[in-house]
Structure formats: structure tokens, C-alpha cells
Amino acid sequence: MYRRLTGLLSAAVLFIGVAVLVSEGSSQAVAAATVTSVTSTTPSGTYVPGDVISIQVNFSEPVTAGGGVAMILETGPTDRTIRTEHRVNYTTSTFTFSYTVQVGDRSADLDVQSIHSFLPGEYTLIANGVNANITLPAPGAPGSLSANSDIVITGVGADEQWS
């Protein structure tokens with residue numbers, strides 16, 4: 001009888017294990033939030049040192065950031081890192097950055113440095129409990145800053161360090 005009872009217990013444990021696996025396997029996967037575009041509310045045009053350009057990184061759904069995030073712009077020999085004004089936990093689907101043109105900055109059509117230019121720092125961006133995909137549209141590709149606007153940077157100034 002002991003062997004028979006052990007067999008029944010093993011079968012019951014096996015049945016429970018299968019039920020759990022089926023339950024886990026049937027749960028719906030949650031898709032990660034993704035960057036949909038990089039845009040600017042600043043009108044297309046030519047900008048010089050001191051001008052401020054507003055740039056937005058737009059996600060497919062709201063994401064929560066633990067602190068300030070940064071982004072790298074391709075601005076000639078010295079790429080510029082810009083940061084959001086938010087410094088504490090906040091949730092948004094659009095991160096807004098301000099870029100101030102500096103002497104020496106140049107760009108025929110302003111864009112991010114690369115697809116990996118969005119920097120959450122020490123924090124992970126999360127939506128629905130899943131890490132967000134922070135890959136940006138490639139420079140010049142659909143959805144990129146340069147595809148969505150025509151912002152020319154001419155950082156010519158009296159103390160320009162290169163020509």
C-alpha cells in the first residue's frame with residue numbers, strides 16, 4: 001500500500017506541476033515599450049550659438065524613469081550630451097530635452113549620434129513591468145530627428161576653435 005500511495009502522490013505532484021507549467025505557458029507576453037520617433041517642436045531653420053532647440057523622444061506607451069535621462073547629439077567635432085529636466089521618478093511617453101547651440105557646433109541636419117544615444121543613466125525605463133527598448137531610429141532613417149525636421153546648426157563664433 002505504501003508503494004501505491006507513493007505512486008499516487010507522485011502522479012498528483014506531476015499533475016500539479018503540469019498545471020502550473022500550462023498556466024505559466026499560457027500567460028500573455030507583455031511587449032516592451034519602444035521609441036517611435038525623435039522630433040522637435042522647434043521650427044525647421046538655421047540656428048546659431050545661444051539658440052535653444054527643443055527635442056522630444058517619443059515612446060509607444062508611457063514609461064517610468066527613475067531619474068534624469070540623457071541623449072547624445074551629433075554636432076560636429078564635439079558631440080553634445082543633453083539631459084531632461086526631470087530628476088526624480090516620473091512617467092511619460094515623451095521625454096523632452098533642450099539643446100543650446102554652442103560655438104563650434106555644426107550640423108547640416110541635426111540628429112542623434114547613433115541608435116544607442118538615448119542614455120537612461122543608472123536607471124532602467126520600465127512600462128508594464130518590462131524594460132523599455134530604448135533603441136533610437138538610426139540617423140536619417142524614418143522616425144529620426146533629421147527625417148522629421150530640418151534643423152541646421154552653424155555654431156560660428158568669435159572664439160571658434162576649429163574651421
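Refer to the structure above for everything that follows.
Overview of the structure. (Residues numbered from 1 in each chain as written. Predicted model: local features only at pLDDT ≥ 70, side-chain atom pairs only at ≥ 80, totals over all residues. Heavy atoms only, no water.)

1. Comments concerning the nonpolar core
By size, the foremost hydrophobic cluster in this structure holds 29 residues, and its most contacted members are Ile 55, Val 57, Phe 59 and Phe 95. If you list the elements that add at least two residues to this core, you get strand E1 (35-40), strand E3 (52-65), strand E4 (70-74), strand E6 (90-100) and strand E12 (151-154). The greatest single-element share of this core, amounting to 6 residues, is contributed by E3. Here Ile 55 is in contact with Val 38, Thr 39, Ser 40, Met 71, Leu 73, Ile 82, Phe 95, Thr 96, Phe 97, Tyr 99, Leu 110 and Leu 145, once residues within four sequence places are set aside. (Core = buried A, V, L, I, M, F, W, Y, C linked by side-chain atoms within 4.5 Å. Buried < 20%, exposed > 50% of the residue type's maximum accessible area, 1.4 Å probe, protein only. Helix = DSSP H or I, 4+ residues; strand = E, 2+ residues; numbered from the N terminus. Contact = heavy atoms within 4.5 Å.)

2. As for the pattern of salt bridges
Summed over all chains, the structure comprises 1 salt bridge. Across the salt bridge formed by Arg 80 and Asp 105, the nearest N and O atoms sit 2.8 Å from each other. Here Arg 80 is found in strand E5 (residues 80-83), whereas its partner Asp 105 is found in the loop between E6 and strand E7 (106-107), with 25 residues between them in sequence. (Salt bridge = Lys/Arg side-chain N within 4 Å of Asp/Glu carboxyl O.)

3. A word on the sheet that holds E12
As summarised here, the arrangement of the 3 strands in space is E2-E12-E7, forming an open sheet in which the pairing is mixed. Two strands lie at the open edges of the sheet, namely strand E2 (45-47) and E7, each paired on one side alone. Pairing between E7 and E12: 2 bridges, direction antiparallel. Across the sheet, Ser 107 pairs through a bridge with Ile 153, a residue of E12. (Pairing = 2+ DSSP bridges.)

4. Concerning the packing of aromatic side chains
Counting across every chain of the model gives 5 aromatic pairs. Here the aromatic rings of Tyr 90 and Phe 95 are separated by 5.7 Å at their centres, their planes lie at 65 degrees, and the arrangement is edge-to-face. You'll find Tyr 90 and Phe 95 in the same group, each marked buried. Here the aromatic rings of Phe 97 and Phe 118 are separated by 6.2 Å at their centres, their planes lie at 85 degrees, and the arrangement is edge-to-face. One end of the pair, Phe 97, is in strand E6; the other, Phe 118, is in strand E9 (residues 118-119), and 21 residues separate them in sequence. Just as Phe 97 is buried, Phe 118 falls in that class too. (Phe/Tyr/Trp six-rings, centres within 6.5 Å; stacked < 30°, edge-to-face > 60°.)

5. Points about the environment of Ala 33
Note on placement: Ala 33 falls in the loop between helix H1 (2-26) and E1. Judged by its relative accessible area of 0%, Ala 33 falls in the buried class. Expressed as a C-alpha distance, the spacing of Ala 33 and Ile 134, which sit 101 residues apart in the sequence, is 8.3 Å. In this structure Ala 33 touches Phe 59, Ser 60, Glu 61, Val 63, Ala 127, Ala 132 and Asn 133, once residues within four positions along its chain are discounted.

6. Observations regarding the side chain of Asp 105
With a relative accessible area of 1%, Asp 105 lands in the buried category. Engagement of the side chain of Asp 105 in a polar contact is seen with the side chain of Tyr 99, the distance being 2.7 Å. The residues touching Asp 105, leaving out its near neighbours within four places in the chain, are Thr 75, Thr 78, Arg 80, Tyr 99, Thr 100, Ile 153, Thr 154 and Gly 155. (Polar contact = N/O pair within 3.5 Å; in protein donor to acceptor, adjacent residues only side chain to side chain.)

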